[in-house]
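# Structural overview
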Amino acid sequence: MKVLVIGGGGREHAIVWKLSQSDLVDKIYCLPGNAGISEIAECVELSPGDFSSIIDFVKYEWIDLTIVGPEEPLARGIVDAFQKEARRIVGPCERAARLEASKVFAKDFMKRHNIPTAPYRVFTSYLHAEDYIKFKGAPIVVKADGLAAGKGVFVAKTVDEAIEAVRLIMKEQVFGKAGERVIVEDCLDGEEASFMAFTDGKTIIPMVSSQDHKRVFDNDEGPNTGGMGAYSPAPVVTEQVKRKIMSRILMPLMKGLRQEGIEYRGIIYAGLMIKDGEPYVLEFNCRFGDPETQPVLMRMRSDLMKVCLAITDQKLDETRLLWKKEASVCVVLASKGYPGKYEKGKVIHGLEMLKGRKDIMVFHAGTSFSDGKIVTSGGRVLGVTALGKDIKEAVKRAYSAIELIKFDGMHYRKDIAAKAILRENR
Ligand code: AMP
Ligand code: GLY
């Protein structure tokens, strides 16, 4: 079979890598892909936003299945466009993708269906939001309604900081239309975890748990990024917590979607805060997480292509997922300046030394070719991902692999999974 993956980051490299191990897959295309992906897939130079050209390409190449990585095409209805042409695609339709594309929709949905999340209010007026923040006090969280590339959430320590966030979103309109409405919600404490699942609209099957590291610097300092590293499993998600996530969050979510006549097929991601063993939803994403997918797919034993076909054929009830017992850790290597303005075009050294290792995968994110050399072309450049018998061993392997890699201005967090190791040692 032929398969097309849309996207060109570390998540998509992990998806392409995993698909390449399937007996069912003869050829993989990726749009736009990156230098690492081009070693296992044919990279296609089409814009991920140009749905009609993508569908033409799928017809011309007789592609059997398309898998969507990032949220923008899903939020803009790529799945609906494919379905009109009776083409197989993995991902939710535009209505279902609102769970990620509109935080107001997601919060109101959770309220309607009694899914645990922080108490909140929605505002379309700056002055009303300001009054409410003064009334509630800090810490408090301000969120832009729409997609803001992971930058639309402000966890404010003071009332002034929160009001400044509302000003930036509503008056300065730094996120454009995405900031026409804001959510002001209670600040939850606890430990975060990511929980992803496959669903065909009828059956939902969880993946193993994981945890992201959003801040750029060690000890969770500095601005938020797309994610500086992740590990799986997340020890905070015990069997008991997992049962609660399924029974109080994911099952009610599926039931609620059905009741509202919304069909959700694809991957659902719940960003959670776990406090005293109780899970609360911080956000839903309608796709695989990045970088969580890198360690999670490294642990997956089942055939991803089979799972994706079961999703489109609504046969997930016949599927069982198998996972490696080992733990996995991904450390992101970023360009100088990231998450702000960053440098590009720096030659990456050392990648060849890590080829062929079963316990290490270097997933590419922002990389491309220049004069036959692999160079940096994005903020997040590589995700060095290792397996180990436990998180401690996986961490050690990932960091010793990083010693072999170099590019000008490279920076990364030195404390990925450090908290999980403390827990493991307890
Ligand atoms: P989101 O995109 O909604 O997941 O928010 C991004 C990050 O902001 C989360 O990963 C949390 O670290 C933080 N966050 C969001 N909502 C809350 C909340 N209600 N309380 C505390 N932290 C939050
Ligand atoms: N790692 C968080 C996300 O993919 O949105």
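The text that follows walks through the structure, step by step, so that each part is easy to find. (Residues numbered from 1 in each chain as written. Chains lettered and ligands numbered in written order. Predicted model: local features only at pLDDT ≥ 70, side-chain atom pairs only at ≥ 80, totals over all residues. Heavy atoms only, no water.)

## A look at the side chain of serine 209
In this fold, serine 209 is placed in the loop between strand E11 (204-206) and strand E12 (211-212). Within polar-contact distance, the side chain of serine 209 engages the backbone nitrogen of alanine 234 at 3.0 Å. Residue contacts for serine 209: discarding those within four places in its chain leaves Ser194, Phe195, Tyr231, Ser232, Pro233, Ala234, Val237 and Val296. (Helix = DSSP H or I, 4+ residues; strand = E, 2+ residues; numbered from the N terminus. Polar contact = N/O pair within 3.5 Å; in protein donor to acceptor, adjacent residues only side chain to side chain. Contact = heavy atoms within 4.5 Å.)

## Some thoughts on the site of ligand 1
Among the 15 residues in the neighbourhood of ligand 1, the closest are listed as Glu185, Asp186, Leu188, Glu192 and Glu283. Within the backbone of aspartate 186, an N or O atom sits 3.0 Å from a nitrogen atom of ligand 1. Note that an oxygen atom of ligand 1 is positioned 3.0 Å from one of the side-chain N or O atoms of lysine 214. Protein contacts shield 91% of the accessible area of ligand 1, which totals 470 Å² for the unbound molecule. Counting residues per element, the ones that place at least two in the shell around ligand 1 are strand E7 (140-144), strand E8 (153-156), strand E9 (182-186) and strand E17 (278-285). For the shell around ligand 1, the residue count by class is eight nonpolar, no polar and seven charged. (Near = heavy atom within 4 Å. Areas by Shrake-Rupley, 256 points an atom, 1.4 Å probe, with all protein chains shown as cover. Nonpolar A, V, L, I, M, F, W, Y, C, P; charged D, E, K, R; others polar.)

## Some details on the sheet that holds E8
Across the sheet, which stays open at both edges, the four strands sit in the order E6-E9-E7-E8 with antiparallel pairing between neighbours. Either end of the sheet is taken by a strand with one partner, and the two such strands are strand E6 (120-123) and E8. Taken over all neighbouring pairs, the strand axes of this sheet differ in orientation by 20 degrees on average, direction set aside. Sheet topology places E7 next to E9; five bridges connect them, and they run antiparallel. For valine 142, the partnering residue across the bridge sits in E9 and is valine 184. In this fold helix H6 (residues 103-112) packs onto E6, E7, E8 and E9, with an angle of close to 140 degrees to the strand it touches most, E6. (Pairing = 2+ DSSP bridges. Axes fitted to C-alpha atoms, helices over the stretch in contact; angles between N-to-C directions.)

## Quick look at the pattern of salt bridges
Under the criterion given, the structure shown has 32 salt bridges. For the salt bridge of arginine 88 with aspartate 313, the shortest nitrogen-to-oxygen distance reads 2.9 Å. Placement of arginine 88 in the loop between helix H4 (78-84) and strand E5 (89-90) and of aspartate 313 in the loop between helix H11 (304-312) and strand E18 (327-334) is noted, with a sequence separation of 225 residues between them. Residues joined by salt bridges that share partners form a network here, namely Arg357, Asp359, Lys389, Glu393 and Arg397. (Salt bridge = Lys/Arg side-chain N within 4 Å of Asp/Glu carboxyl O.)

## Structural notes on the packing of helix H7 (residues 126-136) against helix H8 (residues 159-171)
One way to put it is that H7 packs onto H8 with a least axis distance of 10 Å and a crossing angle of 165 degrees. In terms of orientation, H7 lies roughly antiparallel with respect to H8. The element H7 and its partner H8 pack so that their crossing is right-handed. Contact residues: H7 offers Tyr126, Ala129, Glu130, Ile133 and Lys134, while H8 offers Val159, Ala162, Ile163, Val166, Arg167, Met170 and Lys171. Its residues assigned to classes, the contact of H7 with H8 shows eight nonpolar, no polar and four charged. (Parallel < 35°, antiparallel > 145°, perpendicular 65-115°, else oblique. Left-handed = near helix turned anticlockwise from the far one by under 90°.)

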